Amino acid sequence: MSAQDPMTVTLLGTGAADGWPNPFCACTSCRHAVATGELRAQTSALVDGRLLLDCGPEAPRQALRAGVDLTGLEAVLVTHAHPDHLDPAMLLYRGWVTDRPLRVLGPPPVVEACAPWLAPGQDRVELVAVRPGELHQVAGHGVRVLAANHGAPGEAVLYDVAGPAGQRLLYATDTAELPDGTVAALAGAGLDLLLLEQTFGDRTDLPGAHLTFGSFARTVDALRHVGAVTDRTDVVAVHLSHFNPPGAELAHRLAVCGARAVPDGTRLCLPPRTGQPA
């Protein structure tokens, strides 16, 4: 990949932990999803074929459904150790077919969860515990680790990813409204792409640190206020659940916030930023 190439982001999944629809549920939203074939797997994204953002149990198979594979994978960035974001068994399955180097980055509980799944001889898999504020060079991309608002401090993180041609994306799931320090750290970023969770729709009575329509809008506004989100930022809602309204109503509610939802498998191309060195 050269400094003049677009950054390619393939959304392997855009759903919450139980996906959308939940196969055990017959609510109106789930029935609509089944009827229209709008099936969302657990949230994960592949960047430039080399960098995987979260890897729950559905992600590897979703890559194939999206028309890509993971043979060029160099690194996995895991937000937190919940099972829809991390399936450490993938390290074992990968180890059956290749010994190519792989870096797995995540908060300390991610490293602890992965270690038992490294089979003998998988010494080329590097487990890296990360903490908010750190900068890493990963698979040809600059990665800044930011604090999420989810669980105990340091238990979950967000990733600010910069491509070789200067493109910037923020992968922000799972989290409630962002900590002040995270918003401040993104000042002036002028993101090309914001992948921002929107799990609970209008439900404000549910436990767990996730965004609702109201807190999603406030989060986008906060990022816009500091110049992290601009008129050119593509704001895409991820980690969607059946607590949201289906179809056109969801699209309308997100559009009010300057955001959109896209189907699983969508491929987004972020062009090089002008003025970047060749």
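Residues numbered from 1 in each chain as written. Predicted model: local features only at pLDDT ≥ 70, side-chain atom pairs only at ≥ 80, totals over all residues. Heavy atoms only, no water.

J.: Is there a simple way to explain the pairing of strand E7 (residues 135-138) in this structure?
T.: Within a regular strand, the side chains alternate between the two sheet faces. Only one face of E7 is buried: it carries His136 and Val138, and the other face, with Leu135 and Gln137, is open. In the sheet, E7 pairs with strand E8 (residues 141-147) via 4 bridges, with the strands oriented antiparallel. Following the sheet pairing, leucine 135 is matched in E8 by arginine 144. As consecutive antiparallel partners, E7 and E8 are separated by 2 residues, and within that stretch alanine 139 has a phi angle of approximately 50°, a positive value. (Buried < 20%, exposed > 50% of the residue type's maximum accessible area, 1.4 Å probe, protein only. Helix = DSSP H or I, 4+ residues; strand = E, 2+ residues; numbered from the N terminus. Pairing = 2+ DSSP bridges.)

J.: I'm lost on the environment of proline 83 in this one. Help?
T.: Within the fold, proline 83 resides in the loop between strand E4 (75-77) and helix H3 (89-95). For proline 83, a relative accessible area of 63% corresponds to the exposed category. Considering only alpha carbons, one finds proline 83 and valine 262, 179 residues apart in sequence, at a separation of 23 Å. Those residues in contact with proline 83 that sit more than four places away from it in its chain are Gly56 and Pro57. (Contact = heavy atoms within 4.5 Å.)

J.: Sorry, what's going on with the state of the cysteines here?
T.: Two cysteines joined by a covalent bond between their sulfur atoms form a disulfide. Under the criterion given, the structure shown has 0 disulfides. Cysteine 27 supplies the cysteine sulfur nearest to cysteine 30, a cysteine that is in no disulfide, at a spacing of 3.6 Å. Classification of cysteine 30 as buried rests on a relative accessible area of 1%. (Disulfide = S-S within 2.5 Å.)

J.: So what exactly am I meant to see when it comes to the side chain of histidine 141 here?
T.: Inspection of the secondary structure puts histidine 141 in strand E8. Engagement of the side chain of histidine 141 in a polar contact is seen with the backbone oxygen of alanine 139, the distance being 2.7 Å. Ignoring sequence-local partners within four residues, the contact set of histidine 141 consists of Met7, Val47, Asp48, Leu51, His136, Val161, Ala162, Gly163 and Pro164. (Polar contact = N/O pair within 3.5 Å; in protein donor to acceptor, adjacent residues only side chain to side chain.)

J.: Please clarify how the pattern of salt bridges should be interpreted in this entry.
T.: Inspection of the entire model under this criterion finds 11 salt bridges. In this structure, arginine 232 engages aspartate 192 in a salt bridge whose closest nitrogen and oxygen atoms are separated by 2.6 Å. Pair noted here: arginine 232 is in the loop between helix H6 (213-225) and strand E12 (234-238) and aspartate 192 is in the loop between helix H5 (180-185) and strand E11 (193-197), with a separation of 40 residues, a long-range link. What makes arginine 232 partly exposed here is its relative accessible area of 49%. Between arginine 203 and aspartate 205 there is a salt bridge; the shortest N-O distance is 2.8 Å. Each member of the salt-bridge network shares a partner with another, and the members are Arg144, Asp160 and Arg168. (Salt bridge = Lys/Arg side-chain N within 4 Å of Asp/Glu carboxyl O.)

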